[in-house]
Amino acid sequence: MRVCVVGSGGREHALAHVLARSCDVVVTPGNPGIPGSTPAPATEVDADLFVIGPEVPLVDGLADKLRAAGRLVFGPGADGARLEGSKAWMKDLLLAAEVPTAGHGSFTDLDEALRFLGTMSDLFVIKTDGLAAGKGVLVTEDRAEAEDAVRAYLSGEAFGDAGRRVVIEEGLTGPELSVLAVCDGRHAMPLAPAQDFKRIGEGDVGPNTGGMGAYSPVPVAGADVVDEVMERAVLPTLAALQRRGIDYRGVLYAGLMLTPQGLKVLEYNVRFGDPEAQVVLPRLRSDLADLLAGAAAGALAAAPEYGDDAAVTVVCASEGYPASPRTGDLITGIETANAEAGVTVFCAGVSSAPPGSGGVVSPGQNNQGLETAGGRVLNITGQGPDLATARDRAYAGVTHIDWPGRYVRFDIAAKAVESVSTG
Ligand code: AMP
Ligand code: GLY
């Protein structure tokens with residue numbers, strides 16, 4: 001089978017890497033660190049299956065366009081992608097489907113928003129309605145900061161049009177969990193759960209990012225928790241989409257919090273998580289292409305199979321991320337990191353270094369040096385028989401990677417490893 005992966009980040013590199021176990025893979029536009037990258041747009045690529053990675057092309061209707069041209073596509077149409085494209089729409093759907101979620105209000109009017117905020121206490125959560133690359137969520141105990149954010153969002157100053165409607169939510173507490181389910185319109189099957197680290201700083205402090213690392217499996221999320229997520233969240237959501245006439249074929253990614261009052265959905269994404277994909281996909285034992293092609297055709301067959309191994313991924317980011325990442329620095333050590341046992345480097349925000357700049361050979365097809373070209377630059381995934389080994393391997397890989405200002409969180413999966421070792 002020939003598969004076309006759409007996107008250019010670490011998630012797409014992981015998709016391509018795992019699909020290449022059984023398929024020819026082309027990635028558009030990809031990046032110079034991803035083998036099989038092509039500048040040809042998806043609409044001009046010939047493939048048996050198209051897998052769309054990022055949310056923006058999904059929200060913009062790329063899946064509809066490809067389906068209209070007779071292509072087999074894994075990824076929802078623009079109708080289903082509203083789940084991620086509008087948090088207010090998503091919250092309405094969750095209420096209609098009786099899926100447990102944080103209480104909320106959605107507002108375009110400043111006075112109404114501030115009045116609602118005035119009724120809340122303790123922990124304030126402000127979200128842009130529209131897409132903001134994972135950065136549009138503020139969680140704070142400081143009322144003045146929450147009010148300032150509401151002003152900055154609604155005026156368009158903070159996130160442009162994405163923030164002109166805000167969702168204000170009650171603050172919840174508890175461990176977080178990502179459950180990604182593969183859907184064929186009517187049925188859904190969960191992939192192994194993962195946990196993501198959203199804040200920039202160690203100890204989960206500082207602004208939200210797209211994600212600074214992830215691990216899988218998650219000790220707090222046994223089979224019973226995944227079953228509950230499917231029964232209380234994913235399946236009712238899929239049924240509610242069907243009732244609205246939406247044939248949802250793709251990943252339904254539930255971002256969850258395990259609160260003292262039970263599990264609650266914080267958000268849905270309409271795609272694989274990034275960096276969750278970089279730990280969930282390499283662990284798959286069954287064939288990824290079969291799974292995605294089955295879902296795309298509306299006929300999910302066998303459930304994905306996992307062993308009891310583990311994976312940890314650590315994001316190497318640019319100095320200044322998430323506010324203003326510095327770019328253009330030469331990256332060294334990718335080859336050496338890849339040569340470590342159980343380590344795979346996935347390339348995200350990279351571009352080709354200019355000739356003569358002396359870069360290392362990239363793991364991609366182009367054999368040229370790479371330089372930083374975005375906030376999240378590389379994902380170093382370690383795999384092993386257990387979380388502790390996977391974590392040690394990921395960080396052993398990280399030690400080889402360098403560029404001026406490289407930023408890494410050194411506490412990814414630390415608590416999970418500790419919880420396993422202390423039982
Ligand atoms: P979201 O993009 O909606 O998943 O939000 C990003 C992050 O903000 C989540 O992973 C949580 O850490 C945090 N968050 C979102 N909603 C809430 C909430 N209602 N209460 C507490 N934290 C939240
Ligand atoms: N890792 C969070 C996301 O993909 O949205």
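Residues numbered from 1 in each chain as written. Chains lettered and ligands numbered in written order. Predicted model: local features only at pLDDT ≥ 70, side-chain atom pairs only at ≥ 80, totals over all residues. Heavy atoms only, no water.

J.: Looking at this model, I keep getting lost on the site of ligand 2. Mind explaining?
T.: Taken together, the neighbourhood of ligand 2 is formed by Asp196, Lys198, Gly210, Tyr253, Asn269, Arg271, Gly273, Asp274, Pro275 and Glu276. Contacts to ligand 2 include arginine 271, whose side-chain N or O atom sits 2.8 Å from an oxygen atom. In the model, a nitrogen atom of ligand 2 is placed 2.8 Å from a nitrogen or oxygen of the glutamate 276 side chain. Contact with the protein chains hides 92% of the accessible area of ligand 2, taken as 200 Å² for the molecule alone. Along the lines of polarity and charge, the residues of the shell around ligand 2 split into two nonpolar, three polar and five charged. (Near = heavy atom within 4 Å. Polar contact = N/O pair within 3.5 Å; in protein donor to acceptor, adjacent residues only side chain to side chain. Areas by Shrake-Rupley, 256 points an atom, 1.4 Å probe, with all protein chains shown as cover. Nonpolar A, V, L, I, M, F, W, Y, C, P; charged D, E, K, R; others polar.)

J.: Any chance you could explain the state of the cysteines here in plain terms?
T.: Working definition: the covalent bond between the sulfur atoms of two cysteines is a disulfide. In the structure shown here, the tally under the stated rule is zero disulfides. Between cysteine 316, a cysteine without a disulfide, and cysteine 347, which holds the nearest cysteine sulfur, the sulfur-to-sulfur distance is 11 Å. For cysteine 347, a relative accessible area of 0% puts it in the buried group. (Disulfide = S-S within 2.5 Å. Buried < 20%, exposed > 50% of the residue type's maximum accessible area, 1.4 Å probe, protein only.)

J.: I tried to follow the packing of aromatic side chains on my own but got confused; where do I start?
T.: Aromatic ring pairs are reported here in terms of the distance separating the ring centres and the angle at which the planes meet. What the rule picks out here adds up to five aromatic pairs. With centroids separated by 6.0 Å and ring planes inclined at 45°, the aromatic side chains of phenylalanine 197 and tyrosine 215 adopt a geometry described as tilted. Placement of phenylalanine 197 in the loop between strand 11 (195-196) and strand 12 (199-201) and of tyrosine 215 in strand 14 (residues 213-216) is noted, with a sequence separation of 18 residues between them. Accessibility assignment for this pair places phenylalanine 197 and tyrosine 215 in one class, buried. (Phe/Tyr/Trp six-rings, centres within 6.5 Å; stacked < 30°, edge-to-face > 60°. Helix = DSSP H or I, 4+ residues; strand = E, 2+ residues; numbered from the N terminus.)

J.: Which parts of the structure should I look at to understand the sheet that holds strand 5 (residues 104-107)?
T.: In any sheet, the strands associate via hydrogen bonds between backbone groups, in a parallel or an antiparallel arrangement. Here we have four strands laid out as an open sheet, ordered 5-8-6-7, and antiparallel in their pairing. Single-partner strands in this sheet number two, and they are strand 5 and strand 7 (137-140). Adjacent strand axes in the sheet meet at a mean angle of 15°, parallel and antiparallel pairs treated alike. Sheet analysis places strand 5 next to strand 8 (residues 166-170), joined by four bridges and oriented antiparallel. Paired with glycine 105 across the two strands is isoleucine 168, which belongs to strand 8. Strand contacts of helix 6 (residues 110-118): strand 5, strand 6 (124-128) and strand 8, with the helix running at about 165° to strand 5, the strand carrying the most contacts. Contacting strand 5, strand 6, strand 7 and strand 8, helix 7 (residues 143-154) runs over the sheet at an angle of about 10° to strand 6. (Pairing = 2+ DSSP bridges. Axes fitted to C-alpha atoms, helices over the stretch in contact; angles between N-to-C directions. Contact = heavy atoms within 4.5 Å.)

J.: Is there a simple way to explain unusual backbone geometry in this structure?
T.: Residues apart from glycine generally show negative phi values, whereas peptide bonds are mostly found in trans. The peptide bond linking aspartate 274 to proline 275 adopts the cis configuration, its omega dihedral lying at 25°. Structurally, proline 275 is set in the loop between strand 16 (262-269) and helix 9 (277-280). In this structure, the amide linkage connecting tyrosine 321 to the following residue, proline 322, adopts the cis form with an omega of 5°. Looking at the element boundaries, proline 322 is found in the loop between strand 17 (310-317) and helix 11 (334-339). Positive phi is not limited to glycine here, since aspartate 122 has a value of about 70°. The residue aspartate 122 is located in the loop between helix 6 and strand 6 in this model. Judged by relative accessible area, which is 61%, aspartate 122 ranks as exposed. Even without glycine at this site, aspartate 204 takes up a positive phi of about 60°. Structurally, aspartate 204 can be placed in the loop between strand 12 and strand 13 (205-208).

J.: Even after reading the chapter, I still don't get the site of ligand 1, so can you show me in this structure?
T.: Of all residues adjacent to ligand 1, which total 16 residues, the nearest are Lys127, Glu169, Leu172, Glu176 and Glu267. Take glutamate 170: an N or O atom from its main chain is 3.0 Å from a nitrogen atom of ligand 1. Isolated, ligand 1 exposes 470 Å² of accessible area, and the fraction of that covered by the protein chains is 94%. Broken down by secondary-structure element, the contributors of at least two residues to the shell around ligand 1 are strand 6, strand 7, strand 8 and strand 16. For the shell around ligand 1, the per-class residue count stands at seven nonpolar, two polar and seven charged.

J.: How should I be thinking about helix 1 (residues 10-19) in this particular structure?
T.: One full turn of an α-helix is made of 3.6 residues, so residues set three or four places apart face in the same direction. With respect to burial, helix 1 is a largely interior element, nine of its 10 residues being buried. Within helix 1, the full set of buried residues consists of Gly10, Arg11, Glu12, His13, Ala14, Leu15, Ala16, Val18 and Leu19.

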